[in-house]
Every structure is written in structure tokens, then in C-alpha cells.
2 protein chains.
Amino acid sequence: MLREDVTQAIRAAVFEELAAVGYARMSIEGIARRAGVGKTAVYRRWRSKLHLVLDLVSALAVQGLPVPDTGSLEEDLRLLYEVSARALRHPLASQIIPDLQAEAARNPDIAQALQKALREGQNSVARGIVTAAAARGDLRPGLDEDLALDLISGPLYWRSVVIRAPELPKDYLASLARATTAALKAL
Amino acid sequence: MLREDVTQAIRAAVFEELAAVGYARMSIEGIARRAGVGKTAVYRRWRSKLHLVLDLVSALAVQGLPVPDTGSLEEDLRLLYEVSARALRHPLASQIIPDLQAEAARNPDIAQALQKALREGQNSVARGIVTAAAARGDLRPGLDEDLALDLISGPLYWRSVVIRAPELPKDYLASLARATTAALKAL
């Protein structure tokens, strides 16, 4: 394997191993085995499994998401929810995110990497939607922006990750966008 | 120790051990050591650490919470948020809930116990508030009740457990209750 290919194989193996056994049980041995490389190949690139996972989480966040800009707050939210609902259905989200969150409760480095990933991912898109709506005069200027982000991101996360609803009813995302628009206008 | 005291000591040790090392790393040995009892004392009561944790989660849910009934949807929500915010500040919530949720992604028994605890705890209170508001005519009859529960419970969970905000601003819960009331009325 080329050096780049080895790195790629290791990254893929980490995701699979994380989803399968979780962070706490994951070992460099298991990752190397799954990637079909030696343990030294992993250690040459990352000092520990913590550094490996932090590196991956950061890389994911940087990819970012486009901010919807339809000129309508409700429509922007609906588009954000469609992208988010798809992302949350991915095993990466439904298994790995709760897992890293559990680790974050005891490991400040993981907590910090997750915060950064959130700020640069989901929250930065939601913030873009709120800022555009405020600029159009659709929302009160000077509203509590952090509370606005909680109102936007919380319900779908609760439903998908906490309640672990297997499927969303047909009009769910549209109704959620309508209700959230009303909530934001009340701030 | 009396037999009841041993049981109580083991239960307390499980919570402490869960918070300290998490479900995946927790062992019956560690629990017994923390409780100051022998391993057999644990195994005589529960078959495995899975059964122990399931039993504890179920016991917590049964305690239930009183449903606020002030005659005002917004005021009921504010009271629910005050109780929930206090509960989410407890180490039990901020460390153990994410941990069990991570386990739930791979263990259907834990997933089921958590669903049940949610249904009988947080969700049953939220449902009581929604039902009373609908009966008063404050909400549209026949609204999507599950979506209503997501709107009620999601934002504070997102802020406390996902974002892990260290403290809530002074008027946060009152503003959240106002915004959520507007969201529910839009359903």
C-alpha cells in the first residue's frame, strides 16, 4: 500500500471500530487489524487512540456544510433539517456521536474537540440562518443567539439520538421548521 | 451490614463507578470494591453488570415527577424546565446518561430500558402538560404530540448535555418557555 492509502485505511478502520465497539473498548491493535496494517503503521501517524479520534473529529468539522439561503427563515430551516436528519441516520452519528459525548464527560480534550466540531458544523450553519433572518428583519435584532441555536438543533437531535426514533413521519421536518420559526420569532 | 444495607451500598457504588469510569470500563470487581463487599454479594443480587444497570435505570424512572398544573402552558413549561435543568446539572445526568445512550447504540436491552425510563419520566410529564393545554383549548386538538414532546425536551438537553454549557444565563429558562409555547401553538 502507498503511504496515503495506509493513512486512509487506518482512518476508515477507526470509524468502523468506533461504531462496532465504542471508544472505551477500541484498541490500536483492533484498528490495525481491521485496516490490515501493523501497529507501528498506526503509531507512526498518531501517538494514541485519543489523538487519532481527535484528529478525525476535527477533520469532519472542517468539511462544514453550506448555509441555506432561500430568503425564507422557515424554508432555510427545512433545508437544514433535511441535511441533519440524513446525517443523523448515518451510523457515524447514531453510534459514534453518543459515544464520543460519553467520553467527553470524562475527557476534556475530547470535550473540546467536540465543541469545536459543533461550533464549526451544525451550529455555524444554524447561526448563519439566524443572522440572515435578523438582517432581513424577520427576527428581532439582539435576540439571544445561543438560545436560538438550541431551539433549532435540540428537537431533531432529541428525536433521532435520544429517543432513537426509527423513522420520522412524512411531514415531520416541515412541521418542525414551522414550529421552530414561530419559536424564534417569539425571542 | 444488613442485607438491605448491602443492596443499598451496591446501588450507590454502581452510580459512582458509572460516573467515574463509564459502563464499558465498569466491572463487578470495581463495584464490589467501592461498596466494600465481596463479588458474590453482587452476583447473588444481579446476574451481570448489564442487569444491574437496567435495574437501576428502571428504578429511577418509576420515581416519576409531578406534572405542573398552573393553568398556563408557558408557566407549566417554565416549572418543568426548572426541574429538568436541576436534574441535568447532576453528575448522574451529565455523565451517566450520555454513557448509557452510547451503550444503547449497541445494546437493545439498554436501549429499551432507557426508552421506558424516558417515557415514564421526562416524556410523561411533558405529555401531561400538552394534554392539559389541549383540554383548555390552548393548543390545537389532534396536534402531533410526539413532535410537541421533541420541541419541549430537545433544546434544554442540547444545551446541557450536547453543548455542555457550564451555566445558563439568568433569563434562559423563562425565554425558552416563552419560545416553546409559541412553537407548540404553531403546531
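Nothing here was measured: the structure is a model prediction, and the numbers come from that model.

Thresholds, definitions, all that
- Residues numbered from 1 in each chain as written.
- Chains lettered and ligands numbered in written order.
- Predicted model: local features only at pLDDT ≥ 70, side-chain atom pairs only at ≥ 80, totals over all residues.
- Heavy atoms only, no water.
- Contact = heavy atoms within 4.5 Å.
- Buried area = accessible area lost by both parts, 1.4 Å probe.
- Salt bridge = Lys/Arg side-chain N within 4 Å of Asp/Glu carboxyl O.
- Polar contact = N/O pair within 3.5 Å; in protein donor to acceptor, adjacent residues only side chain to side chain.
- Nonpolar A, V, L, I, M, F, W, Y, C, P; charged D, E, K, R; others polar.
- Axes fitted to C-alpha atoms, helices over the stretch in contact; angles between N-to-C directions.
- Helix = DSSP H or I, 4+ residues; strand = E, 2+ residues; numbered from the N terminus.
- Parallel < 35°, antiparallel > 145°, perpendicular 65-115°, else oblique.
- Left-handed = near helix turned anticlockwise from the far one by under 90°.
- Least-squares fit on C-alpha atoms with pLDDT ≥ 70 in both.
- Expected span 1.5 Å × (residues − 1).
- Buried < 20%, exposed > 50% of the residue type's maximum accessible area, 1.4 Å probe, protein only.
- 1 Å grid on protein atoms, 1.4 Å probe; cavity = no way out; pocket = protein on both sides within 12 Å on 5 of 7 lines; lining within 4 Å.
- Points joined across faces, edges and corners; volume = space filled by probe spheres on them.
- Bend = angle between axes of the 7 residues up to and from the residue.
- UniProt positions renumbered as here; feature names shortened; annotations may be inferred.
- Core = buried A, V, L, I, M, F, W, Y, C linked by side-chain atoms within 4.5 Å.
- Domains from an automatic or database assignment.

**Remarks on the interface of chain B and chain A**
Here comes step 1: Taken together, the contact between chain B and chain A spans 48 residues of the former and 48 residues of the latter.
Here comes step 2: The largest per-residue losses of area from chain B upon contact with chain A belong to Arg106, Asp150 and Trp158 of chain B, which jointly make up 18% of the total buried on that side.
Here comes step 3: If you look at where chain B meets chain A, you find 6 salt bridges.
Here comes step 4: Residue arginine 159 of chain B is joined to aspartate 150 of chain A by a salt bridge in which the shortest nitrogen-to-oxygen separation is 2.7 Å.
Here comes step 5: Our count for the contact surface shared by chain B and chain A stands at 18 residue pairs in polar contact (both at pLDDT 80 or more).
Here comes step 6: Residue composition of the side of chain B that touches chain A, by class: 27 nonpolar, 11 polar and 10 charged.

**Side note on the packing of helix α8 (residues 122-136) of chain B against helix α9 (residues 145-162) of chain B**
Residues and elements named next belong to chain B.
Here comes step 1: Closest axis-to-axis distance for the α8/α9 pair is 10 Å, and the angle between their directions is 115°. In terms of axis orientation, α8 runs roughly perpendicular to α9. Where α8 crosses over α9, the two elements pack in a sense that is right-handed. Together, Gln122, Asn123, Ala126, Arg127, Val130 and Thr131 of α8 and Glu145, Asp146, Ala148, Leu149, Ile152 and Ser153 of α9 make up the contact between the two elements.
Here comes step 2: Residues that form the contact of α8 with α9 fall into these classes: 5 nonpolar, 4 polar and 3 charged.

**Here we look at the relation of the copies chain B and chain A**
Here comes step 1: The operation relating chain B to chain A is a screw motion whose rotation component is 180°, with 0.0 Å of axial translation and a residual RMSD of 0.0 Å. Such values leave the two copies arranged in the relation of a two-fold axis.
Here comes step 2: When you check the interface residues of chain B against chain A, 100% turn up at the interface there too, and the contact is symmetric in its surfaces.

**With respect to helix α1 (residues 3-21) of chain A**
Residues and elements named next belong to chain A.
Here comes step 1: The end-to-end C-alpha distance of α1, which contains 19 residues, comes to 27 Å, matching closely the 27 Å that a straight helix rising 1.5 Å per residue would cover.
Here comes step 2: For α1, the complete set of buried residues consists of Val6, Thr7, Ala9, Ile10, Ala13, Val14, Glu17, Leu18 and Ala19.
Here comes step 3: Looking one or two places after α1, you find glycine 22, whose phi comes out positive at around 90°.

**Let's talk about empty space enclosed by the protein**
Here comes step 1: Summed over all chains, the structure comprises 3 cavities of 30 Å³ or more.
Here comes step 2: Lining the largest cavity are 16 residues, with Ala24, Asp99 and Glu103 of chain A together with Ala24 and Asp99 of chain B positioned closest to its centre.
Here comes step 3: Among the residues making up the lining of the largest cavity, the classes are represented as 8 nonpolar, 1 polar and 7 charged.
Here comes step 4: Empty space within the second largest cavity amounts to approximately 60 Å³.
Here comes step 5: Lining of the second largest cavity is provided by Pro98, Gln101, Tyr157, Val161 and Val162 of chain A together with Pro98, Gln101, Tyr157, Val161 and Val162 of chain B.
Here comes step 6: Breaking the lining of the second largest cavity down by element, the ones donating at least two residues are α6 (91-104) and α9 (145-162) of chain A together with α6 (91-104) and α9 of chain B.
Here comes step 7: Classifying every residue of the lining of the second largest cavity by side-chain character gives 8 nonpolar, 2 polar and no charged.

**What about unusual backbone geometry?**
For residues besides glycine, phi is generally negative; the peptide bonds are generally trans as well.
Residue and element names in this part refer to chain B.
Here comes step 1: Backbone geometry at arginine 164 places phi at a positive 55°, although glycine is not the residue there.
Here comes step 2: Along the chain, the position of arginine 164 falls in the loop between α9 and α10 (172-185).
Here comes step 3: Residue class for arginine 164 comes out partly exposed when judged on its relative accessible area of 24%.

**A look at α9 of chain B**
All names here are of chain B.
Here comes step 1: With 18 residues, α9 extends 24 Å from end C-alpha to end C-alpha; this agrees with the ideal 26 Å at 1.5 Å per step.
Here comes step 2: Of all the bends in α9, the largest measures some 35° and sits at serine 153, one to four residues before the proline proline 155.
Here comes step 3: With 16 of 18 residues buried, α9 is to be regarded as a mostly interior element.
Here comes step 4: By the N-cap criterion, in which a side-chain oxygen at the helix start approaches the backbone nitrogen of a residue two or three places on, α9 is capped by aspartate 144, the distance to aspartate 146 being 3.1 Å.
Here comes step 5: Positive phi appears at arginine 164, one or two residues downstream of α9, with a value of about 55°.

**Observations regarding the UniProt feature "DNA-binding region" (unreviewed entry) in chain A**
Here comes step 1: Within this structure's numbering, the places UniProt gives as "DNA-binding region" (unreviewed entry) are residues 27-46 of chain A.
Here comes step 2: Between the first and last C-alpha atoms of residues 27-46 of chain A the distance is 13 Å; the span itself is 75% helix and 0% strand.

**A word on the side chain of glutamine 101 of chain A**
Here comes step 1: Examined against the element boundaries, glutamine 101 of chain A turns out to sit in helix α6.
Here comes step 2: Setting aside anything within four residues of it in sequence, one finds glutamine 101 of chain A in contact with Leu114 and Tyr157 of chain A together with Pro98, Val161 and Val162 of chain B.

**Here's the deal with the nonpolar core**
Proteins that are soluble and globular tend to have nonpolar side chains buried together.
Here comes step 1: Counting residues in each nonpolar core, the largest one holds 66 residues, and the members touching the most others are Leu184 of chain A together with Leu184 of chain B.
Here comes step 2: Once you skip the residues sitting within four places of it in the chain, leucine 184 of chain B turns out to touch Leu73, Leu77, Leu139, Leu143, Ala148, Leu151 and Ile152 of chain B.
Here comes step 3: In terms of nonpolar packing, the next biggest core, distinct from the first, is built from 31 residues, Met26, Ala32, Val53 and Leu54 of chain A among them.

**As for the pattern of salt bridges**
Here comes step 1: On inspection of all chains with the given rule, the structure shows 26 salt bridges over all chains.
Here comes step 2: Among the ionic pairs, arginine 25 of chain A bridges to glutamate 103 of chain B, the shortest N-O distance being 3.4 Å. Of the two residues, arginine 25 of chain A is situated in the loop between α1 and α2 (28-35) and glutamate 103 of chain B in helix α6; the pairing between them involves two chains.

**A closer look at the domain arrangement of chain A**
Residues and elements named next belong to chain A.
Here comes step 1: Its domain assignment divides chain A into domain 1 (3-45) and domain 2 (59-185).
Here comes step 2: Averaged C-alpha coordinates put domain 1 and domain 2 at centres separated by 30 Å.
Here comes step 3: Buried area between domain 1 and domain 2, summed over both chains or domains, comes out near 650 Å², and the portion from carbon and sulfur atoms is 70%.
Here comes step 4: When the buried surface of domain 1 facing domain 2 is broken down by residue, Phe15, Ala19 and Tyr23 rank first, second and third, together holding 71% of it.
Here comes step 5: At the boundary of domain 1 with domain 2, the tally comes to 0 salt bridges.
Here comes step 6: Inspection of the region where domain 1 meets domain 2 yields 1 residue pair in polar contact (both at pLDDT 80 or more).
Here comes step 7: Tallied by class, residues from the side of domain 1 that touches domain 2 come to 6 nonpolar, 1 polar and 1 charged.

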